[in-house]
Amino acid sequence: MASSVAAAPTGTREKPRLSFWQIWNMSFGFLGIQFGFALQNANVSRIFETLGGTEIALYWLAAPLTGMLVQPIIGYMSDRTWSPKWGRRRPFFLVGAILASLALLVMPNVTALWMAVGMLWIMDSSINISMEPFRALVGDLLPSEQRTTGFAAQTFFIGVGAVVASSLPWMFTNWFGISNTAPAGQIPLSVKYAFYIGGAVFLAAVLWTVFNTKEYPPENLEEFEEEKRRTAGFWNGIRESFSGIFNMPKTMRQLAIVQFFSWLALFSMWIYTTPAVTSHIYHTTDTTSKLYNEGADWVGICFAVYNGVSAIAALLLPLIARRTSRRVTHLLCLVAGGLGLISIFFIQDPNMLLLSMVGVGIAWASILSVPYAMLAGALPANKMGYYMGVFNFFIVIPQVVAGLILGFFTKTVFHGEAVYTLALGGVSMIIAGLLTLRVDDADDIRLPSDEPAVLQGGAYDAPVETDPRL
C-alpha cells in the first residue's frame, strides 16, 4: 500500500500511468481535509447561532475573503518550490494541516461571537493551504487520461471523510449518550468532541500522503531556478497571483462561470440548511431547546448522506464521462443537485430530507472532480498550482456574493424563511449545469470502442503501464 510516485519528468513529456495504490496514497490526505471542511460546514452556523449571532451569511464572509488572498499565493509559491526530500506541494500540505488541526481544537471552545468569526477565518485559511496544492498534485503526477480518475479518487475520500465528520455530533449523542444541548451561549459537548477528533484525523491523513507520495522534480532544474530568481520577491508574487485572473485560458474562463453558480448554490446550502430545517421542518428557532438541537444534529446526518452518496458517485463519474462526455456528465449531476435543493421546500418529514441529499451528493461528486479534470488539460504544467489557485477565486467570489446578498434575500424578500434561500440555490445549480455545455474541453479523452477497459481504482481506464522505476 505504501507504493509511491518516483521521480520522472514533467512538463511536455508524457507522464507514466500510476497504479491504484499510488493514486490512493496521493489522494488519502483529502480524507483529513474534508474532516475539517465537513465539521466547519455542518456546525459553524450552529455555533454562530448559539453565541447569539443573527447575521450568519455576513459572518461567513471571513472565510472567503481570506481564501481569496491565500489560495493563489499558495499556488504561486508551490509552483516555485522544490526540495529533493519534500517535493513541491507536500510542504504546504503539512503546514496547512498543522495549522488547521490547531484551529479545529480551538473553534468549539470560543466564548464570544467575534472569537468564532475569527477562528472561522483562521480555520478556513489553514484548510485551504493544504487543499489547494492537492488539486495541483493531480495535474503534476497523472497523465491526461487518468486525471478524471485522480480527481474522482480525491472526491471519494472527501465523501468518506465528510460522512464520518458530519455524523460525529449525532453519533456522540445517540451512541454514547453525550449531551447535544448546553446552557445559552455554550457549545454542546457532542460538538466539542467532534472537533477534537477532526483535528487529529486531519493531521494523520495528510501525514499519510506526505510520507507515502513522492513528486517529480522539475524537468530542467537550472531553468527552474532561473525562473525562481527572475520572479523572486513577495510583491511580485502578489502581483502575478492576482493578475492571473485577467490572463486565464479560454476553458478556465468558461469553467469560472460554471463554478460561480455551482458554489453559490453550495454556500446557500451550507449557510442556511440548519436554520431552514430547524424552522421549516422542526418549527423552532430556540437554540437552547432539545428540538432545535435534534434538528441541527439531523442536518449533520443529511450532510453525511450527501457526502456518502458523493463517495459512491465519484467512482462512477469516469465511466459516465467516458460513455458521454465530461460536459454532459457535469450537466446531469448539477441538475440532480438543483432538484434536490428545491425539493426541501416541499418536505415536512425529516427522513425525506435524505432523498433530497441523494441529488445533492451526486452534484457534489461532480463539482469536486469534473471541472478540475477539464481544467488540468488546459493549463501549462509549470503554472499548474498558480492557475489552480486563481481558479479558486470562483469558489471564493460566490461565497462573498452569498454573504452579501443571501442575507438580504432571506430577511427582506423571503421574510426570514431560509428554505426559500435553499430553493434559490437549487435554481443556481441548474443554471450552472446548463452553462457547462458551453465549455471547451480540450482534454476530453474517450476510450475507443475496440479498446478493452479495466476497472482501475473505481474508474474505467485503459490497462495500466506504470514506469518500471516505480
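Relevant structure appears above.
Cut-off values and rules
- Residues numbered from 1 in each chain as written.
- Predicted model: local features only at pLDDT ≥ 70, side-chain atom pairs only at ≥ 80, totals over all residues.
- Heavy atoms only, no water.
- Helix = DSSP H or I, 4+ residues; strand = E, 2+ residues; numbered from the N terminus.
- Buried < 20%, exposed > 50% of the residue type's maximum accessible area, 1.4 Å probe, protein only.
- Contact = heavy atoms within 4.5 Å.
- Areas by Shrake-Rupley, 256 points an atom, 1.4 Å probe, with all protein chains shown as cover.
- Axes fitted to C-alpha atoms, helices over the stretch in contact; angles between N-to-C directions.
- Parallel < 35°, antiparallel > 145°, perpendicular 65-115°, else oblique.
- Left-handed = near helix turned anticlockwise from the far one by under 90°.
- Nonpolar A, V, L, I, M, F, W, Y, C, P; charged D, E, K, R; others polar.
- Phe/Tyr/Trp six-rings, centres within 6.5 Å; stacked < 30°, edge-to-face > 60°.
- Core = buried A, V, L, I, M, F, W, Y, C linked by side-chain atoms within 4.5 Å.
- Expected span 1.5 Å × (residues − 1).
- Salt bridge = Lys/Arg side-chain N within 4 Å of Asp/Glu carboxyl O.
- Patch = residues over 30% accessible without salt bridge, like charges linked within 9 Å, V, L, I, M, F, W, Y side chains within 5 Å.

Peer 1: Before we move on, can you summarise the overall build of the protein with the specific residues and values?
Peer 2: The secondary structure content of the protein amounts to 18 helices and 2 strands. Residues counted as buried form 60% of the 470 residues belonging to the protein. Across the protein, every contact between residues at least 6 apart in sequence was considered, and the portion connecting residues at least 24 apart equals 82%. Of the accessible surface of the protein, which amounts to about 17400 Å², a share of 67% is contributed by carbon and sulfur atoms.

Peer 1: Break down the packing of helix α11 (residues 250-280) against helix α14 (residues 353-367) for me, citing the residues and quoting the values.
Peer 2: The interhelical angle for the contact between α11 and α14, taken along N-to-C directions, is 150 degrees, at an axis separation of 12 Å. Between α11 and α14, the interaxial angle falls into the category roughly antiparallel. With respect to the hand of their crossing, α11 and α14 are arranged in left-handed fashion. For the pair formed by α11 and α14, the contact residues are S262, W263, L266, M269, W270 and V277 on the first element and L353, V360, W364 and I367 on the second.

Peer 1: Help me get a handle on the packing of helix α2 (residues 29-50) against α11, residues and values and all.
Peer 2: At a closest axis distance of 8 Å, the pairing of α2 and α11 adopts a crossing angle of 60 degrees. One way to sum up the angle between α2 and α11 is to call them oblique. As α2 packs across α11, the resulting crossing turns out to be right-handed. Residues N41, A42, S45 and E49 of α2 pack against W270, I271, T274 and P275 of α11. In the contact of α2 with α11, the residues fall into 4 nonpolar, 3 polar and 1 charged.

Peer 1: How would you summarise unusual backbone geometry if you had to cite specific residues and measurements?
Peer 2: You will see that H283, though not glycine, has its phi angle at about 55 degrees, which is positive. You can see H283 is positioned in the loop between α11 and α12 (290-323). On the basis of relative accessibility, which here comes to 57%, the residue H283 falls in the exposed class. At H415, a residue that is not glycine, the phi angle is positive and equals roughly 55 degrees.

Peer 1: I'd like to hear about the packing of aromatic side chains, residue by residue, with values.
Peer 2: Per the stated rule, a full pass over the model turns up 28 aromatic pairs. Feature note: the residues F20, W21, W24, F28, F156, F157 and W208 constitute an aromatic cluster, connected by ring pairs.

Peer 1: I'd like a rundown of the environment of N128, residues and numbers included.
Peer 2: Relative to the assigned elements, N128 resides in helix α6 (residues 113-141). When the C-alpha atoms of N128 and M68 are compared, they prove to be 10.0 Å apart, with 60 residues separating the residues in sequence. The residues touching N128, leaving out its near neighbours within four places in the chain, are F37, Q71 and P133.

Peer 1: Describe the side chain of N43, with residues and values.
Peer 2: Among the structural elements, N43 can be located in helix α2. A residue is classified by how much of its surface remains accessible, and N43, at 3% relative accessible area, is buried. The contacts of N43, once residues within four sequence positions are left out, are P169, V191 and F195.

Peer 1: Can you tell me about the nonpolar core, naming the residues and giving the values?
Peer 2: I33, F48, M107, W270 and M388 are the most contacted members of the largest nonpolar core, which has 122 residues in total. Ranked by the residues each element gives to this core, the list is headed by α11, at 15 residues.

Peer 1: Describe α14, and please don't skip the residues or the numbers.
Peer 2: Helix length check: α14 (15 residues) gives 21 Å between terminal C-alpha atoms against 21 Å at 1.5 Å per residue, within 8%. In terms of burial, α14 is largely enclosed, as 11 of its 15 residues are buried. Turning to α14, its buried residues number three or more, namely L353, S356, M357, G359, V360, G361, A363, W364, A365, S366 and I367.

Peer 1: Explain the side chain of Q146 to me, and be specific about the residues and the numbers.
Peer 2: Along the chain, the position of Q146 falls in the loop between α6 and α7 (147-176). The residues touching Q146, leaving out its near neighbours within four places in the chain, are R17, L18 and I23.

Peer 1: Describe the pattern of salt bridges, naming the residues involved and giving the relevant values.
Peer 2: As enumerated under the stated definition, the model contains 6 salt bridges in all. Between R326 and D441 there is a salt bridge whose closest N-O contact spans 3.5 Å. Placement of the pair is R326 in helix α13 (residues 326-343) and D441 in the loop between α18 (418-436) and β1 (454-456), with a sequence separation of 115 residues. Overall, the relative accessible area of 5% leaves R326 in the buried class. We classify D441 as buried; its relative accessible area is 12%.

Peer 1: How would you summarise a nonpolar patch on the surface if you had to cite specific residues and measurements?
Peer 2: Residues I98, L102, L105, V106, L189, Y193 and Y196 make up a contiguous nonpolar surface patch of about 570 Å² in total accessible area. Elements supplying a minimum of two residues to the nonpolar patch: α5 (90-106) and α8 (189-212). For the nonpolar patch, the element with the highest residue contribution is α5, accounting for 4 residues. Relative to the helices and strands, Y196 resides in helix α8.

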